[in-house]
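A look at the structure
Chain residues, written in single-letter form:
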Amino acid sequence: MSSENLPQSPEKQLRKPRVAVVFGGRSSEHGISVVTAGAVLRAIDRTKYDVLPIGITTDGRWALTADDPERMAISDRRTPSVEELAESPEGGVVLPVDPGNREVVYSEPGSVPKALGEVDVVFPVLHGPYGEDGTLQGLLELSGIPYVGAGVLASAVGQDKEYMKRVFTSFGLPVGPYLVVRPREWEQDEKSARQRIADFAGEHGWPLFIKPSRAGSSFGITKVDSFEGLDEAIAEARRHDPKFLVESLLRGREIECGVLEFEDGPRASVPAEIPPVTAHDFYDFEAKYIDSAAGIVPAPIGEEATAEVQRLAVEAFEATSCEGLVRADFFLQDNGEFVINEINTMPGFTPISMYPRMWQESGVEYADLVDKLIQAALRRRTGLR
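Residues numbered from 1 in each chain as written. Predicted model: local features only at pLDDT ≥ 70, side-chain atom pairs only at ≥ 80, totals over all residues. Heavy atoms only, no water.

What follows is about the overall build of the chain. Along the backbone of the chain there are 13 helices and 16 strands. A compact globule built from 385 residues should have a C-alpha radius of gyration of about 21 Å, and the chain, at 22 Å, falls within 12% of that. Dimensions of the chain, computed from C-alpha atoms along their principal axes, come out at roughly 70 × 50 × 45 Å. For the chain, with 385 residues in total, the buried portion stands at 53%. Across the chain, contacts joining residues at least 24 apart in sequence account for 66% of those joining residues at least 6 apart. Total accessible area computed for the chain in this model is approximately 17500 Å², and 49% of it derives from carbon and sulfur atoms. Averaging the locations of the 40 positively and 61 negatively charged side chains of the chain gives two centres separated by 2 Å. (Helix = DSSP H or I, 4+ residues; strand = E, 2+ residues; numbered from the N terminus. Rg over C-alpha atoms; globule rule 2.2 N^0.38 Å. Buried < 20%, exposed > 50% of the residue type's maximum accessible area, 1.4 Å probe, protein only. Contact = heavy atoms within 4.5 Å. Areas by Shrake-Rupley, 256 points an atom, 1.4 Å probe, with all protein chains shown as cover. Lys, Arg positive; Asp, Glu negative; His and termini not counted. Charge placed at Lys NZ, Arg CZ, Asp CG, Glu CD.)

The subject of this paragraph is the sheet that holds strand β7 (residues 121–124). Ordered by their spatial adjacency, four strands build an open sheet running β3-β2-β1-β7, and the pairing between neighbours is mixed. Among the strands making up the open sheet, the edge pair consists of β3 (62–64) and β7. Within this sheet the neighbouring strands show an average axis-to-axis angle of 30 degrees, counted without direction. Pairing of strand β1 (residues 18–24) with strand β2 (residues 50–56), which is carried by seven bridges, proceeds in the parallel orientation. (Pairing = 2+ DSSP bridges. Axes fitted to C-alpha atoms, helices over the stretch in contact; angles between N-to-C directions.)

Right, let's get into the nonpolar core. In this structure, V21, F23, V40, I44, F123, F349 and V370 are the most contacted members of the largest nonpolar core, which totals 35 residues. Secondary-structure elements contributing two or more residues to this core are β1, α2 (30–43), α3 (82–85), β7, β12 (252–262), α12 (354–361) and α13 (366–379). Setting aside residues up to four positions removed in sequence, V40 forms contacts with V21, F123, V125, F349, Y366 and V370. If you look at the next biggest cluster of nonpolar residues, it comprises 26 residues, including V259, F317, L332 and I343. (Core = buried A, V, L, I, M, F, W, Y, C linked by side-chain atoms within 4.5 Å.)

This next bit is on the packing of aromatic side chains. Per the counting criterion, the structure on display carries seven aromatic pairs. On the numbers, 5.8 Å between centres and 55 degrees between planes, the contact of F262 with W359 is tilted. A residue pair is termed long-range when its members are at least 10 positions apart, and F262 in strand β12 and W359 in helix α12 qualify at 97 residues. Taken as a pair, F262 and W359 share a single burial class, namely buried. Feature note: the residues F123, F349, Y355 and Y366 constitute an aromatic cluster, connected by ring pairs. For K165, the ring lying beneath its charged end belongs to Y178, and the centroid distance is 5.5 Å. (Phe/Tyr/Trp six-rings, centres within 6.5 Å; stacked < 30°, edge-to-face > 60°. Lys NZ or Arg CZ within 6 Å of the ring centre and 35° of its normal.)

This brings us to the sheet that holds strand β5 (residues 103–107). Strand order in the open sheet made by the three strands is β4-β5-β6, with antiparallel pairing throughout. The strands lining the two open edges of the sheet, one partner per strand, are β4 (92–94) and β6 (114–118). Averaged over all pairs of adjacent strands, the angle between strand axes in this sheet comes to 25 degrees, irrespective of strand direction. Summarising the sheet, β5 and β6 pair through four bridges and their orientation is antiparallel. Residue Y106 lies in a different strand from β6, and its bridge partner there is K114.

Attention now goes to the packing of α2 against α13. What describes two packed helices is the angle between their axes and the distance between those same axes. For the pair α2 and α13, the least separation of the axes is 9 Å and the interaxial angle reads 90 degrees. Taken together, the axis directions place α2 and α13 in an arrangement best described as roughly perpendicular. For the pair α2 and α13, the contacting residues are T36, A39, V40 and A43 in the first and Y366, A367 and V370 in the second. The residue makeup of the contact of α2 with α13, split by class, is six nonpolar, one polar and no charged. (Parallel < 35°, antiparallel > 145°, perpendicular 65-115°, else oblique. Nonpolar A, V, L, I, M, F, W, Y, C, P; charged D, E, K, R; others polar.)

In this section: unusual backbone geometry. Note: most peptide bonds trans; most residues except glycine with negative phi. Put simply, W206 and P207 share a cis peptide bond, and its omega is 0 degrees. In this fold, P207 is placed in the loop between α8 (190–204) and β9 (208–212). Omega for the bond connecting V297 with P298 falls within 30 degrees of zero, at -5 degrees, which places this linkage in the cis form. Along the chain, P298 falls in the loop between α10 (285–290) and α11 (302–319). Even without being a glycine, Y130 presents a positive backbone phi close to 65 degrees. Checked against the element boundaries, Y130 lands in the loop between β7 and α4 (135–143). The class of Y130 is partly exposed, set by a relative accessible area of 43%.

Functional significance is not addressed by these values, which are geometric in nature.
Below, the structure written as structure tokens:
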């Protein structure tokens, strides 16, 4: 007789699904991940779910943290950290790498490990490398634990701007001009790499954007108006990622669109427009999260353009084999055509972030959005699908 046919204990039959909210991480987006986790923890319906907050410190330790959303907010223009929230400076949480065992264990040096109970689904609200890039998703697949959001491949493609653009192009989605400089090229033949950048600037003109290939929230991105600022911009990009991109300026209106997985498939939200930010050179991290640049929801672009950007957003979701959620970012050019800039498989998810705001305007409130994502993850099996 298989284990799935054995009668379950009354305790197991009656207990609520347990959601592990995993946040923080080793990337430069650690702080905003903690802020996002606070918003998600505040929104989860405790009458439907049990919750286990797990923070990952900047050096990679999985820590048990207090379920205290109030301590996870931006204060005095400063983001919080897992180190400040951890219940112990040394204790660690371990997920079982065993599809038949979802028991989470907590241990401290010199103490007997303590079982924290089974986890039914993980809600990973990590941004950037070591969390949003397929690494955590691979661990959860090995553990056999369902999770919110994109799988291993889609997460990796969504994190790497080079391969994201290559996938978009192969599916016929319009992308802007770009150039990739790989680590070996820069380290072994810097002169040749500079010449390629010069040729690119000669063809497409200044300004250029220099950006890390595998970072998010505009970290490490610099707008460069001439060769004079190029070295500093490249150094800043390579501080976040040894592979970097050079992109030409796309003139047009910045339009975003959310995609959410429903039971009958993915649907697009109403789009939003990001107006020009006067206090910043472009829509960077501080504009997004610290100064809360106001997006216009819904975007005033007309019915035809709205329908087109919604179609393209769902196409981008499908092209990259995404699951759960995606925010797709576009430029609406003067000729009326859209160019896709990128997707974000775990977009900013605070209540003031554009993804939740677009869905709120589409009739899905924040708490319901969180619930729909958890339910979609619980419906989905791990492994090949």
